[in-house]
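Coordinates in review
If you want the building blocks of each chain, they are given just below.
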Amino acid sequence: MKKEFVVIGLGRFGGSIVRELIEQDADVMAIDKDTERVDEFASIATQAVVADTTDEAVLKSLGIRNFEHVIVAIGENIQASILTTLMLKEIGVKKISVKAQNDYHEKVLRKIGADQVVHPERDMGIRIAHNMLSNNVLDYLELSDEHSIMEIRANEKLAGFTLIGLDIRAKYGINIVAIKREEDIIVSPQADMMIEMGDVLIIIGSDADINRFEKKVMN
């Protein structure tokens, strides 16, 4: 099944989240008060809606409680961000991630129950989207326009196999450059090394190859 998200606020940050989640084959409901912004995402998001998310009745009518993860990416309006987060918590949304404007805003958000608070100045939309899509993706960093490096936690599709047995380079065109195992870091691991559950693999490759690997192996 596809993962389902709601993104509230379609500015530069929220928009980058929507685009990346769609790129990763998730279902996304995109919401903003601004009709022009919603129109821009009508052909990108699974569903694009003009709505005031500080109104609890509106949130209920959209069925937002049924989505597994809601991202509040409201821009300058801190009050709207806080009220929306509060309403989402009230109606029982399972996971709420919120964009914070500053440290004070973050403190308030955490007090009212935000599960994850992000500062776009410090966190790229793409990195956050990858973390949301897979519990096994620990970190994601762009090296260039087309290449990235990613930290992933080994799951049942990887654990118990040797690197040569998995043949990830031949199948996906990506390289495992290091493995973190508890306190140890094994750089340039040998082909006959067995991957264990919980190992952290540091992989490098083109964005297209990493995306293919993520969809096949990590979800």
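Above: the structure in question.
What comes next concerns the included structure. Remember, predicted model here, so these are calculated numbers, not experimental data.

With that out of the way, let us pick up the pattern of salt bridges. According to the stated counting rule, one finds 10 salt bridges in the structure shown. In this structure, the salt-bridge partner of E106 is R110, at a minimum N-O distance of 3.0 Å. Of this pair, E106 and R110 both sit in helix α5 (residues 103-111), separated by 4 residues, roughly a single helical turn. Owing to a relative accessible area of 17%, E106 belongs among the buried residues under this scheme.

Moving on to the nonpolar core. Ranked by size, the top nonpolar core spans 25 residues in total, and within it V6, I31, I64 and L88 carry the most contacts. Counting residues per element, this core draws most heavily on helix α4 (residues 78-91), which supplies 5 residues. Beyond its immediate chain neighbours, meaning those up to four positions away, I31 contacts V6, V7, I8, G9, L10, V49, A51, T53, L62 and I64. By size, the runner-up hydrophobic cluster in this structure holds 19 residues, among which are Y172, I179, I195 and I210.

Moving on: the pairing of strand β5 (residues 96-99). Burial along β5 is two-sided: the residues I96 and V98 and S97 and K99 are all buried. Regarding the hand of the β-α-β motif, the stretch spanning strand β4 (residues 69-72), α4 and β5 is right-handed. Taken together, the 3 bridges between β5 and strand β6 (residues 116-118) define a ladder with parallel strand orientation. The residue of β6 that forms the bridge with K99 is V118. Each parallel crossover has a hand, and the one from β5 via α5 to β6 is right-handed.

Helix length check: helix α1 (residues 12-23) (12 residues) gives 16 Å between terminal C-alpha atoms against 16 Å at 1.5 Å per residue, within 8%. The complete set of buried residues in α1 reads F13, G14, G15, I17, V18, E20 and L21.

When two helices pack together, their arrangement is given by the angle between their axes and by how far apart the axes lie. As a packed pair, α4 and α5 sit with axes 10 Å apart at the nearest point and diverge in direction by 15 degrees. By the angle between their axes, α4 is roughly parallel relative to α5. Where α4 crosses over α5, the handedness of that crossing is right-handed. Here α4 contributes I78, S81, I82 and T85 to the contact with α5, which in turn contributes H105, V108 and L109.

Cut-off values and rules
Residues numbered from 1 in each chain as written. Predicted model: local features only at pLDDT ≥ 70, side-chain atom pairs only at ≥ 80, totals over all residues. Heavy atoms only, no water. Salt bridge = Lys/Arg side-chain N within 4 Å of Asp/Glu carboxyl O. Helix = DSSP H or I, 4+ residues; strand = E, 2+ residues; numbered from the N terminus. Buried < 20%, exposed > 50% of the residue type's maximum accessible area, 1.4 Å probe, protein only. Core = buried A, V, L, I, M, F, W, Y, C linked by side-chain atoms within 4.5 Å. Contact = heavy atoms within 4.5 Å. Right-handed = clockwise from strand over helix to strand, strands pointing away. Pairing = 2+ DSSP bridges. Expected span 1.5 Å × (residues − 1). Axes fitted to C-alpha atoms, helices over the stretch in contact; angles between N-to-C directions. Parallel < 35°, antiparallel > 145°, perpendicular 65-115°, else oblique. Left-handed = near helix turned anticlockwise from the far one by under 90°.

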